[in-house]
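Analysis of the macromolecular model
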Amino acid sequence: MRWLVFPVVFVVVGCGADAPPEETGPSAEPGEELSGGETTVHDTSKNAYSLSARNMTAERRSAFFVGNSFFKENWVIAPSSTEGRDGLGPLFNARSCSSCHLLDGRGSPPDDPAEPLVSVLLRLSIPGTDAHGGPAPEPTYGGQLQPRAIPGVLPEGDAFVAYEEMPGSFPDGETYSLRKPIYTIAAARGDMQPGTLISPRVAPVMIGLGLLEAVSEEDILRAEDPDDADGDGISGRANHVWDVVRGAASLGRFGWKANQPTLMQQTAGAFHGDIGITTSLFMTEDCTDAQADCKAAPTGGTPEASEKILGDVAFYSTTLAVPARRDVADPGVLTGKRHFLELGCGKCHTPVFHTGTFDGYPELSGQTIRPFTDLLLHDMGEALADERPDFKADGREWRTAPLWGIGLLRVVNGHENLLHDGRARGFVEAVLWHGGEAEGSREAFRALPAEDRRALVWFLESL
């Protein structure tokens, strides 16, 4: 067994500096609490991320529950009497979707450095691209480290994370500490190719994904400014990725680097890479040429997940609702909102979109939504760089993370570990990790009086 040590990698959310406030009034907008428009649910319990779109019909809600069952149930090793749910592996990260997306929420790295990563996976690649312009997989281990395997197949090894504390202080003297992650891999199948690129990715929250797919491509591309033509320091560019169904490049929307074009492909990709389940989109097992035991292992059919199961899980993922905001008219929250906009955070965390017509999803169509993302890639600076290109995304770029529902993360998942790898222990640390295009906003946040910094956090907690 080989132990490989890698110094850091990183995330998301982008803010821009010197942006004029989009609004200055100390009042809430009409309907501002309805983050998902008419789909918004009013729930502040641990189930806040697990409810269907509020405006969904009873008949379609039944389909939602069917998808929910396939999302949460464990897959088993083939052959099995549990027909329709067998085919786990040969290599895998988890036995079910909910193992990483607990309560449809967000994963987290372990606090104990001796405990292996579970809801954080490591993407692997080598310099260069595959036939479709995506990352070239590591020859022995493939596109991601899979630490579990069925009997008779050698797992790929475990990954661990430890942290180096980096103390700092605000100009007013208040202190803080950021934790810099250091990853270690206990590689079970020998050395990885020299120069292997590694990127940790925490399992993201599942809410509102269908609404993001319902935003028109034109509306997303309209915000692109790849050469910063307006000189505001914010570029923003779309990722263009391989669409397996179309057999052509498409706009990327999902994933930490916007490397998936549709929820159907995102779902099929997770089945394939994370659980080892083949679908109509990915028909062959996720084994490299160097993994003869993996290739020889029994399967649960071709494909292992039927078209109906894939569709059920994709439908469930598409219609998970966004919880309503709280305290939108609270003076402190409104002050924080004003700072959020004045600091330029809203230039990347776009507050409002309007969905178009989404075929097959009438409940998601024609909605005014408040996701706080532009779905574009932004340079987040050296400290968050993973140096691993992903289609058009370079090693410093990440997709602006949606912020809706983020204020309920502690209620649902019991933590506030943020950014693409969960290194930030709360909102303040997440802002302080911002660099690149967001450096001006970060420094403006640092310069705020303590009470105004707290107000901005209150605003984020209201989302």
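Residues numbered from 1 in each chain as written. Predicted model: local features only at pLDDT ≥ 70, side-chain atom pairs only at ≥ 80, totals over all residues. Heavy atoms only, no water.

Before going further, it helps to spend a moment on the side chain of Q265. Tracing the backbone through its elements, the reader meets Q265 in helix α4 (residues 263–275). For Q265, a relative accessible area of 4% corresponds to the buried category. A polar side-chain atom of Q265 sits 2.9 Å from the main-chain amide nitrogen of V244. With residues near it in sequence (within four places) discarded, Q265 still touches W242, D243, V244, V245, Q260, L281 and F282. (Helix = DSSP H or I, 4+ residues; strand = E, 2+ residues; numbered from the N terminus. Buried < 20%, exposed > 50% of the residue type's maximum accessible area, 1.4 Å probe, protein only. Polar contact = N/O pair within 3.5 Å; in protein donor to acceptor, adjacent residues only side chain to side chain. Contact = heavy atoms within 4.5 Å.)

Summed over all chains, the structure comprises one disulfide. One disulfide bridge connects C287 with C294, the sulfur atoms lying 1.9 Å from each other. The sign of the S-S torsion, about -65 degrees, decides the handedness of the disulfide formed by C287 and C294: left-handed. An identical accessibility class is assigned to C287 and C294; each is buried. Free cysteine C97: the closest other cysteine sulfur is in C100, separated by 8.9 Å. (Disulfide = S-S within 2.5 Å.)

Taken together, three strands build an open sheet; the order of strands is β4-β3-β8 and the sheet is antiparallel. With one partner strand each, in any of the chains shown, β4 (135–136) and β8 (197–202) form the two edges of the open sheet. With two bridges joining them, strand β3 (residues 120–129) and β4 adopt antiparallel strand pairing. Bridged to T129 within β4 is P135. (Pairing = 2+ DSSP bridges.)

Attention now moves to empty space enclosed by the protein. Applying the stated criterion to the full structure yields three cavities of 30 Å³ or more. Its volume calculated, the largest cavity comes out at about 60 Å³. Taken together, N93, L117, V118, V120, L121, L122, L145, P147, D158 and A159 form the lining of the largest cavity. Listing elements by their share of the lining of the largest cavity, those giving two or more residues are β3 and β6 (157–169). Of the residues assigned to the lining of the largest cavity, the class counts are eight nonpolar, one polar and one charged. (1 Å grid on protein atoms, 1.4 Å probe; cavity = no way out; pocket = protein on both sides within 12 Å on 5 of 7 lines; lining within 4 Å. Points joined across faces, edges and corners; volume = space filled by probe spheres on them. Nonpolar A, V, L, I, M, F, W, Y, C, P; charged D, E, K, R; others polar.)

Glancing now at the packing of helix α1 (residues 58–72) against helix α6 (residues 307–319). Here α1 crosses α6 at 105 degrees, and the two axes come no closer than 8 Å. Here α1 is positioned roughly perpendicular relative to α6, judged by the angle of their axes. Contact with α1, carried on its side by R60, A63, F64, V66, G67, N68, F70, F71 and K72, involves K308, I309, D312, V313, F315, Y316, S317 and T319 of α6 and no other residues of that element. (Axes fitted to C-alpha atoms, helices over the stretch in contact; angles between N-to-C directions. Parallel < 35°, antiparallel > 145°, perpendicular 65-115°, else oblique.)

Moving on to the pairing of β3. Alignment of β3 against β8, held across six bridges, turns out to be antiparallel. Across the sheet, the residue bridging to V120 is V202, located in β8.

Bringing unusual backbone geometry into the picture now. Note that the residue after G89, namely P90, is joined by a cis bond; omega there is 15 degrees. Examined against the element boundaries, P90 turns out to sit in the loop between α1 and β2 (91–92). Cis geometry marks the peptide bond from T302 to P303; its omega dihedral reads 0 degrees. Tracing the backbone shows P303 in the loop between α5 (292–296) and α6. Of note, the phi angle at F372 is positive, near 60 degrees, even though the residue is not glycine.

According to the stated counting rule, one finds eleven aromatic pairs in the structure shown. Residues F315 and Y361 carry aromatic rings whose centres are separated by 5.7 Å and whose planes lie at 25 degrees to one another, so their mutual orientation is stacked. Separated by 46 residues along the polypeptide, F315 in helix α6 and Y361 in the loop between β11 (353–354) and β12 (368–369) bring together distant segments of the chain. You can call F315 buried: its relative accessible area is 11%. Ring geometry for F372 against F459: centres 5.9 Å apart, planes inclined by 75 degrees, an arrangement best described as edge-to-face. With a gap of 87 residues between them, F372 in the loop between β12 and β13 (377–379) and F459 in helix α11 (residues 450–461) connect regions that are remote in the sequence. Look at F372 and you get buried, because its relative accessible area is 5%. What links up through ring pairs into an aromatic cluster is the set F64, F65, F71 and Y316. R179 extends its terminal NZ or CZ atom over the ring of Y163, reaching a point 4.1 Å from the ring centre. Residue placement shows R423 over the ring face of W433; its charged tip is 4.3 Å from the ring centre. (Phe/Tyr/Trp six-rings, centres within 6.5 Å; stacked < 30°, edge-to-face > 60°. Lys NZ or Arg CZ within 6 Å of the ring centre and 35° of its normal.)

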